[in-house]
Amino acid sequence: MKAFSTIHSTAVPLPIENIDTDQIIPARFLKATTREGFGDNLFRDWRFDEQGKEKADFVLNQSTYTGEILIGGANFGCGSSREHAAWALGDYGFRVVVSSFFADIFKNNALNNGILPVQVSDDFLQKLFTQIQQEPQTKIEVDLEAQKISFNGEEAFFEINAYKKMCLQKGYSDLDYLLSLEKEIVAFEFSN
């Protein structure tokens, strides 16, 4: 995984509540076993019509909104436990998802795949949506070390598990973390 410290980026607003994992990546695209290529079908049924043509009114099809940050409505990532939803978001290029509430399994899948879920208050989320919709080129800063998101003088702090924070900062998966302790593990095993 790519190490994470601070992201300075514009954002893509998706002010829809209860976005479930089947909307993020429909089940019919879950046949692959590697993480590559899922971004092509991110929000597939919202992005494309039945003939495979882009729907002009969907935010990912509009050049106005770009960036490494996706801002979603409350209860983002509800539904099934598919890890492919995190794969699709990451493959598309998102490093951060902001919402006022995340489904627990989605939140863990995102963290395990190098995507930072930033949970903020409903009030802060609405300020963020309003700002981005009025000024799409607004830069947002997400500082993992300080656990802070900010834009135009507004800021909010977010919680993150200390272990997952360290893994993101170092670009570690759980396995990478264990491998980083190989010398200590070997020393312990052979000390008995």
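Heads up: the structure comes first, above all this text.
Cut-offs and rules
- Residues numbered from 1 in each chain as written.
- Predicted model: local features only at pLDDT ≥ 70, side-chain atom pairs only at ≥ 80, totals over all residues.
- Heavy atoms only, no water.
- Pairing = 2+ DSSP bridges.
- Helix = DSSP H or I, 4+ residues; strand = E, 2+ residues; numbered from the N terminus.
- Axes fitted to C-alpha atoms, helices over the stretch in contact; angles between N-to-C directions.
- Salt bridge = Lys/Arg side-chain N within 4 Å of Asp/Glu carboxyl O.
- Buried < 20%, exposed > 50% of the residue type's maximum accessible area, 1.4 Å probe, protein only.

Novice: Is there a simple way to think about the sheet that holds strand β6 (residues 140-143) in this case?
Specialist: What links the strands of a sheet is backbone hydrogen bonding, and the strands pair in either a parallel or an antiparallel sense. With respect to topology, four strands assemble into an open sheet ordered β1-β6-β7-β8, the strand pairing being antiparallel. This sheet does not close on itself; its edge strands, each paired only once, are β1 (6-9) and β8 (154-157). Neighbour-to-neighbour, the strand axes of this sheet turn through a mean angle of 10°, independent of strand direction. As paired strands, β1 and β6 are joined by four bridges and run antiparallel to one another.

Novice: Is there a simple way to explain the pattern of salt bridges in this structure?
Specialist: Side chains that differ in charge, positive against negative, can pair when their charged atoms come close. One pass over the structure, following the stated rule, counts five salt bridges. A salt bridge links R28 to D45, with the shortest nitrogen-to-oxygen separation between them at 2.4 Å. Taken together, the residues R28 in the loop between α1 (21-24) and α2 (44-47) and D45 in helix α2 connect sequence positions 17 residues apart. We classify D45 as partly exposed; its relative accessible area is 38%. K127 serves as the salt-bridge partner of D123, at 3.6 Å between the closest nitrogen and oxygen. Highlighted residues: D123 and K127, both in helix α5 (residues 122-134), separated by four residues, approximately one helical turn. Look at the salt bridges and you will find they share partners, linking D123, K127 and E154 into a network.

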